[in-house]
Each structure stands twice: as C-alpha cells, then as structure tokens.
Amino acid sequence: MSTREDDIGKKEQKKRKEKEKEQEIAKEEREPDAVERSDGVLLRGIFKVGKKSHDVLLTGTRLTWTPVLPESPAGEACPAPPAALMLRDVLAVKVKRRRSAGRRSGGPVLGLALFFCKRRGRRLEEEVLHLHNASSEHARVWYDALRELLAGVCGRPRRLKVFINPSSHQKEAVHVYREHVAPLFKMADVCTDITVTEKRGHALSVMKELNVDDFDGLVCVGGDGFVAELCHAVVLRAQLDANYPRVPVRAALPLGIIPAGSTDVVSCSVHGVRDPVTAAMHIILGHVQRADMCSLRSAGQPPRFAFAAMFGFGARSLARAEKKRWMAPARRRHYALLKSLARLRAEDCQLSFVTSRANDQDPNDDDDDDPDVDSEGAESWSSADGPFLSIGVMAIPCLSPHAPRGLAPNTKLANGSAALIAVRATSRSEFVKHLKGYGAPGGQLDFSFVETHAVTAVRLRPRGSAACTEDESEDGATARSTTRAKARATSVIQSEAAPSFPWNIDGELLEFPNEVLIRVHGRLIGLYGEDVDEAESAAPCGCI
C-alpha cells in the first residue's frame, strides 16, 4: 500500500474515532436520568434560561436543564429534550446583578452566569449560560455549590507564574496577554505573578531563584525562541533541585504556552492552533500533556534541553533570518528561505544514532538513559555518514500552520523517541520538492535522499570547515562583522577552543562546537494542552 493510501486510511480512522467520541458525549447528554442515578443529584431548582422556565439539576459532573412545559389537552406532559453542560468544561461561575451606571458593587440579584468553553474544531471559545432567578438566597446556594465543585476539579491551577517576552514577533506579546489572556485568568480567579523579561537569559535567572512551591504552574508568552529558553529553564531547575542526577528528572510544574510569535511550533504541537484564547482555556481547565525532550551536550558542558534541533539548511535559514529582524516576519522568512536555497550546500558529517525499541518501550516508564556517560558499548549504534543538506532531531511533531502534519509527522508528544530526518545531498529542484511536501497532506519524506529513523540518541560530528569561516557576505558585510553577529547569537555552552557550527534549537540560533550528542528523555516536561495529530493550515509559502 502506498504512503498516500496510508495517509487516507489514517484520516478515515481519525474521523471515525472523533465521530464515535462525539456520539458518546451526545449520548451522555441525552440520558441525564442515568447520570442522576449513578452520580446523584446535589441540587434541583427552577431557573429561567432564555425566556422559558427550566427544571435545573446539578450533579457532581454536570448541569442539566429541561423546559417546564404545560400539560397537553390529554393531560400528559409534552416531552422536551434536556440540555446538559459538563462541569469539566466550566471556566467560572458568577452571580449576576443589576447595577446602575458607574456602580461597581451591590445591586439586585438576577441569577447566575456560567462561563464555559465551547469546542469549534481545534479552537476553544468562551460561551455563557445565563440562569435567571431573582432570589438572592437561591442564587447563593447554587453559587456556593458550583464554586465548591469547580474548586475540587483536579489539576486546575490557582496560582501561576507568568513570563512575557516583550520583544517577541512585532512586540505584541504584552498586548496579547493583556487583551486575550489576563481577562480569562481574572474571570477564573487564577492569581498571577508577572515577569516581563528585559534581556536574553532573564527568565533562566528568575527560574533559578523562584520558589516553585508558591505556584501551580508556569506560563510563557512569546515566540519559539522564548519558549525554548523557558522550557530549558524549567527542566534545568528540576535538575538543580535534584542535585543534578545521572538521569534527568521530570519538571514538577507544568508550562502553558501562549503563542505570540511568528510560527509558534511548540504551541501548535500541543494546541493545534495559534490561538491565545485556546491556550489560556487549556491552562485554566488544567489540561496537561507530558512531552518528551532532548538533551544536547557538547564538549563536556551542561546539557541544553530542547524539543527539536536542526543542523544544515534549517540552521542556516534561521541565521539569515536573524540578521533581518527589521523585516516583517513573513518577508523575513521568505528572504531567508530563498537565500539559503540559492546558496544551498551540503555539510560533510559523521552521523551515528541509536534506533528506538518502540515495541518494547512504555512511554509511561521513566527514562533510563544516562546522558553523562558514553554508552556506545551498551547500545547498538548505527551510522549514516556522508554529505547532508539537512539533519533534524525532533522529539515532538513540530506542527505549524505552514506544516500542518508537522516537520516530524511520524512522532508523538510522548512516545519516548525522536524522529531523525537526514536529507542527503541532492539537486536543488529535488530539495525544493521535499520542502513543498511539508505543506501538503503527506509525502515530504517519500524521497530516496531522505532517511528517517525513530531514535533515542544521536551523535553528529561535522567534518567540514567551521561555519564562521564560510566565505559568503550578505549585503556587503565584511567577514569581521559577520563574525561579530554570530558571536552575539552564540550559546553559553560554546567551547572557545573548538570551531562552532550553527544550530536551530527550537527556533533559537545557537552555536555548538564540533561534536554534539543528543539524547531523548521521555515525558520530561508537562505542557498545558492536548495531543493533536494535525494543526490548522495556512496558505502555503508562495516563495517556492
């Protein structure tokens, strides 16, 4: 069976599962009596919903309401279908009051307002259910009961530490948080402590001194580079608290990612959309998914933790884009892509990897890999040497609007392995076909020059000249200015004695010395969101 037929079969199976899930939910909502018997009715009362009175029932898991209708001429009540709202989808409950203009408190009670999330595709949108009853005592009893039930929902955060990068994208991060996220947190009574970062590394320094016991979770507002910095800081803090164990320990606090960048790969991988409201609702409702991460080590330095690492074409494109930060994001991406294609060249590398034993591995098990020892003797290493145009190691699918199925469609958030995608030297036209495939339903990996492996460890040793000696100048810049520009983007883990090569680490440009060892650590970090197979697609890149 061809790959296209496999993709069609997977889509049909996915649609079938989604339909079955919707039918189960609809069945639950149509059968409130069964729920009453199993869950027990906590409260029952009369409220007006819309313009009609309804008989409202509250159980431990849901709220149901049925219209109160007069009897038919035959003396029988006219049947009316009940409606239901699952409490797991309720964001907050408030007492409604009538207030005159300028008045901030008090006023006659009108009833209750339940704010809940409504799913529309992959997006979560805010909806309100109004329950009208003018009795203040009646409304208070229901309000207290609903508040108690919502407070008892496991996993919902009450205190959050928020980090905002004001320089992300077109400096929109602060606006995105204030306009779209902060009102939702306030409505759900989530307390926040906000840090607006001032420079690169600020979030890392704050995380090292943060009292993590004061918070239930963390929130990151920014683009992929800032997300990479904070994810690394969160995992590194866990290692610091554990006194740097041989095996990396899992981060205690989950991280919520509010997309405010130009691509937002990690956010799309856990939400399926680049939507701050959807991301905020996942945080409020406590939807946490565990995710794998990689550790990157070079020249005996402490590891760098990341979701994805790209060498070659992906790193050179990012390096060119970083030099044109004054451009609009879309124009900058197109420029960097075209420039890198025009100067396309392969890098001679020595590539070794350990394939994943997917059938024998339980993703819920702790990671047993030891990043501090050379385990070549205990593991079976394979090699694939030669000139490569691009090498990527991705522990998550890396979904984005431009690559809806992801840069690594064959991996998951927490399957205990990473996708190694190695593109060997080929013609420019064939490489462009490979790139175009990322915006298509499938087929980006169906080329003879593309190798894919599910791996748990990768060792990459470039054998060419250092990237800083590349004899190319852009816009008339001298070699000295190019060297200074690269030095500003150099990672703190760079070795001064060894030549350095550019890497794209979660959208952040870093440089590593000659050899890099990458290891996968299963379920190392918790991210607010859900496991998705495909992201919302945008218009394909018109520059290729």
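In case you missed it, the structure is sitting above this.
Quick summary incoming for the structure in this document. On a predicted model such as this, the values are computed, not experimentally measured, just so you know. (Residues numbered from 1 in each chain as written. Predicted model: local features only at pLDDT ≥ 70, side-chain atom pairs only at ≥ 80, totals over all residues. Heavy atoms only, no water.)

Things to note about the pairing of strand S3 (residues 62–67)
No. 1: Inspection of the sheet shows strand S2 (residues 52–59) paired to S3 by five bridges, in the antiparallel sense. Within S3, the residue paired with Val-56 across the bridge is Trp-65.
No. 2: What sits between the antiparallel neighbours S2 and S3 is a turn of two residues.
No. 3: For S3 and strand S4 (residues 83–86), the ladder comprises four bridges, and the chain directions are antiparallel. Note on S4: the bridge partner recorded for Thr-64 is Ala-84. (Pairing = 2+ DSSP bridges. Helix = DSSP H or I, 4+ residues; strand = E, 2+ residues; numbered from the N terminus.)

With respect to the packing of aromatic side chains
No. 1: Per the stated rule, a full pass over the model turns up seven aromatic pairs.
No. 2: Between Phe-313 and Phe-431, the ring centres sit 4.9 Å apart and the planes meet at 75°, which makes this aromatic pair edge-to-face. In this pair, Phe-313 is assigned in helix H9 (residues 313–322) and Phe-431 in helix H11 (residues 428–436), connecting sequence segments 118 residues apart.
No. 3: Put simply, the rings of Phe-311, Phe-501, Trp-503 and Phe-512 touch in pairs and so form one group of aromatic residues.
No. 4: The lysine or arginine in question, Lys-161, covers the ring of Phe-163, its NZ or CZ lying 5.6 Å from the ring centre. (Phe/Tyr/Trp six-rings, centres within 6.5 Å; stacked < 30°, edge-to-face > 60°. Lys NZ or Arg CZ within 6 Å of the ring centre and 35° of its normal.)

A few points about helix H6 (residues 224–241)
No. 1: For H6, built from 18 residues, the straight-helix expectation of 26 Å at 1.5 Å per residue is met to within 8% by its first-to-last C-alpha distance of 26 Å.
No. 2: Counting buried residues in H6 gives 15 out of 18 residues, a clear majority hidden from the surface.
No. 3: Asn-243 sits one or two positions beyond H6 and adopts a positive phi of about 60°. (Expected span 1.5 Å × (residues − 1). Buried < 20%, exposed > 50% of the residue type's maximum accessible area, 1.4 Å probe, protein only.)

Describing the side chain of His-202
No. 1: Position of His-202 among the secondary structure elements: in helix H5 (residues 202–209).
No. 2: Since its relative accessible area comes to 16%, His-202 is described here as buried.
No. 3: Setting aside its immediate chain neighbours within four residues, His-202 contacts Thr-195, Val-196, Thr-197 and Glu-229. (Contact = heavy atoms within 4.5 Å.)

Focus: the packing of H9 against helix H10 (residues 329–342)
No. 1: Where H9 meets H10, the closest approach of the two axes is 8 Å, and the angle between their N-to-C directions is 130°. As summarised for this structure, H9 and H10 are arranged oblique, according to the angle between their axes. The handedness of the crossing between H9 and H10 is right-handed. Contact residues: Phe-313, Arg-316, Ser-317, Arg-320 and Ala-321 in H9; Arg-332, Tyr-335, Ala-336, Leu-337, Lys-339, Ser-340 and Leu-341 in H10.
No. 2: For the contact of H9 with H10, the per-class residue count stands at six nonpolar, two polar and four charged. (Axes fitted to C-alpha atoms, helices over the stretch in contact; angles between N-to-C directions. Parallel < 35°, antiparallel > 145°, perpendicular 65-115°, else oblique. Left-handed = near helix turned anticlockwise from the far one by under 90°. Nonpolar A, V, L, I, M, F, W, Y, C, P; charged D, E, K, R; others polar.)

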